[in-house]
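# Per-entry structural report
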Amino acid sequence: MATEAVARASADGYTLLMATGSNAINATLYDRLNYNFLRDIVPIVGVIRSPFVLEVHPAVPVKTVPELIAYAKASSGKITMASFGTGTSSHLTGELFKMMTGVEMLHVPYRGSAPMLIDLLSGQVQLAFDNLPASIEHIRSGKLRPLAVTTTTRSEVLSDIPALAEMLPGFESSAWNGIAAPKSTPAEIIDKLNKEINAALADPKIKARFAELSGVVLGGTPADFGKHIAEETEKWGKVIRTANIKPE
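### Comments concerning the overall build of the protein chain
A count of helices and strands for the protein chain gives ten helices and eight strands. The C-alpha radius of gyration of the protein chain comes to 19 Å, within 12% of the 18 Å expected for a compact globule of 248 residues. Per-residue burial over the protein chain gives 48% buried out of 248 residues. In the protein chain, of all internal contacts separated by at least 6 residues, the share reaching a separation of at least 24 is 74%. Here the protein chain displays about 12100 Å² of accessible surface, and carbon together with sulfur accounts for 53% of that area. Of the side chains in the protein chain, 24 bear a positive and 25 a negative charge, and the two mean positions are spaced by 3 Å.

This is the structure we're talking about:
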């Protein structure tokens, strides 16, 4: 609804969209949208990127990703993989993991991270790909066991936990967002917003706050953010089509 509102808004620089990974996913997930994200929205600048964390309930007898893969293959699809909901970034990250490892897991969708974590903490489900900020305190307290983060490099928040790409070359999945505008917004407005937002993102206090949230600043040019959006749309489109995911 928010994306449609921005797509139809006046292109004067006063109505902007906080674009997220969901926009890239929805472009393929939904057959009929009242807008075309790549056509009707113009990128301004990426803001932040943060990893998901592959985590298991401590009762699951694995401590590494290779152990998880072996355990899952021996369990014949009986391992439960929780997510924020069908077609969400959490779900698709799990589907990408399944595609790249050849394991089968039973997907259990929830209505968001919070209810998912309740069942994961109680052992009702066995593993999940969660936003790192939402799970970090449970990890630090030992209530959940992290196996890997999903960005291509390790997170400073969990520096001793490997990135999945260390074991699965090419694996990458991030929660991200950035600023975008209606397609006909004049170039001078896009350039001004890009310049000012990049200046804000360079502020050490903002960088430090993002780091506390396990995130890293993106920044860059409108073209940089546009390239990122296009790549994300293509990547998740392939996962959706391969796994035959349909919206609920």
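### Overview of the nonpolar core
What tends to happen in soluble globular proteins is that the nonpolar side chains get buried as a cluster. Counting residues in each nonpolar core, the largest one holds 44 residues, and the members touching the most others are Leu 54, Val 65, Leu 68, Phe 97, Leu 127 and Leu 164. Look past the residues within four positions of Leu 164 in its chain and what remains in contact with it is Leu 54, Val 65, Phe 97, Phe 129, Ala 148, Val 149, Thr 150, Thr 151 and Phe 171.

### Focus: the packing of helix α6 (residues 113-122) against helix α7 (residues 132-140)
Close contact between α6 and α7 brings their axes to 11 Å; oriented N to C, the two are set at 25°. Comparing their axes, α7 and α6 come out roughly parallel. As α6 packs across α7, the resulting crossing turns out to be right-handed. Contact residues: α6 offers Ser 113, Leu 117 and Leu 121, while α7 offers Ala 134, Ser 135 and His 138. Partitioned by chemical class, the residues of the contact of α6 with α7 number three nonpolar, three polar and no charged.

### Observations concerning unusual backbone geometry
Although it is not a glycine, Ser 76 sits at a positive phi angle of roughly 55°. Along the chain, the position of Ser 76 falls in the loop between α4 (65-74) and β3 (80-83).

### Describing the packing of helix α2 (residues 21-29) against helix α10 (residues 222-243)
Contact geometry for α2 and α10: axes closest at 8 Å, N-to-C directions at 45°. When the axes of α2 and α10 are compared, the pair comes out oblique. The handedness of the crossing between α2 and α10 is right-handed. Counted together, Ala 24, Ile 25, Ala 27, Thr 28 and Leu 29 of α2 and Ile 229, Glu 232, Thr 233, Trp 236, Gly 237, Ile 240 and Arg 241 of α10 form the full contact between these two elements.

### Details of α4
Residues of α4 that are buried: Val 65, Leu 68, Ile 69 and Ala 72. Across the axial projection of α4, the buried residues extend over an arc of 100°, all falling on one side. Its buried side turned inward, α4 meets β2 (41-56), α5 (89-101), β5 (127-131) and β6 (145-149). Among the residues of α4, the N-terminal cap falls to Thr 64, whose side-chain oxygen and the backbone nitrogen of Glu 67 are separated by 3.2 Å. Following α4 by one or two positions, Ser 76 adopts a phi angle in the positive range, close to 55°.

### With respect to the packing of aromatic side chains
Evaluated as defined, the whole model comprises two aromatic pairs. Considering the side-chain rings of Trp 176 and Phe 225, the 5.9 Å spacing of their centres and the 85° angle between planes classify their relative orientation as edge-to-face. Here Phe 225 lies in helix α10 and Trp 176 lies in strand β7 (residues 174-182), a separation of 49 residues in the sequence. Residue class for Trp 176 comes out buried when judged on its relative accessible area of 4%. Overall, Phe 225 belongs to the buried group, its relative accessible area being 2%.

The rules we used
Residues numbered from 1 in each chain as written. Predicted model: local features only at pLDDT ≥ 70, side-chain atom pairs only at ≥ 80, totals over all residues. Heavy atoms only, no water. Helix = DSSP H or I, 4+ residues; strand = E, 2+ residues; numbered from the N terminus. Rg over C-alpha atoms; globule rule 2.2 N^0.38 Å. Buried < 20%, exposed > 50% of the residue type's maximum accessible area, 1.4 Å probe, protein only. Contact = heavy atoms within 4.5 Å. Areas by Shrake-Rupley, 256 points an atom, 1.4 Å probe, with all protein chains shown as cover. Lys, Arg positive; Asp, Glu negative; His and termini not counted. Charge placed at Lys NZ, Arg CZ, Asp CG, Glu CD. Core = buried A, V, L, I, M, F, W, Y, C linked by side-chain atoms within 4.5 Å. Axes fitted to C-alpha atoms, helices over the stretch in contact; angles between N-to-C directions. Parallel < 35°, antiparallel > 145°, perpendicular 65-115°, else oblique. Left-handed = near helix turned anticlockwise from the far one by under 90°. Nonpolar A, V, L, I, M, F, W, Y, C, P; charged D, E, K, R; others polar. Arc of directions from axis to C-beta. Polar contact = N/O pair within 3.5 Å; in protein donor to acceptor, adjacent residues only side chain to side chain. Phe/Tyr/Trp six-rings, centres within 6.5 Å; stacked < 30°, edge-to-face > 60°.

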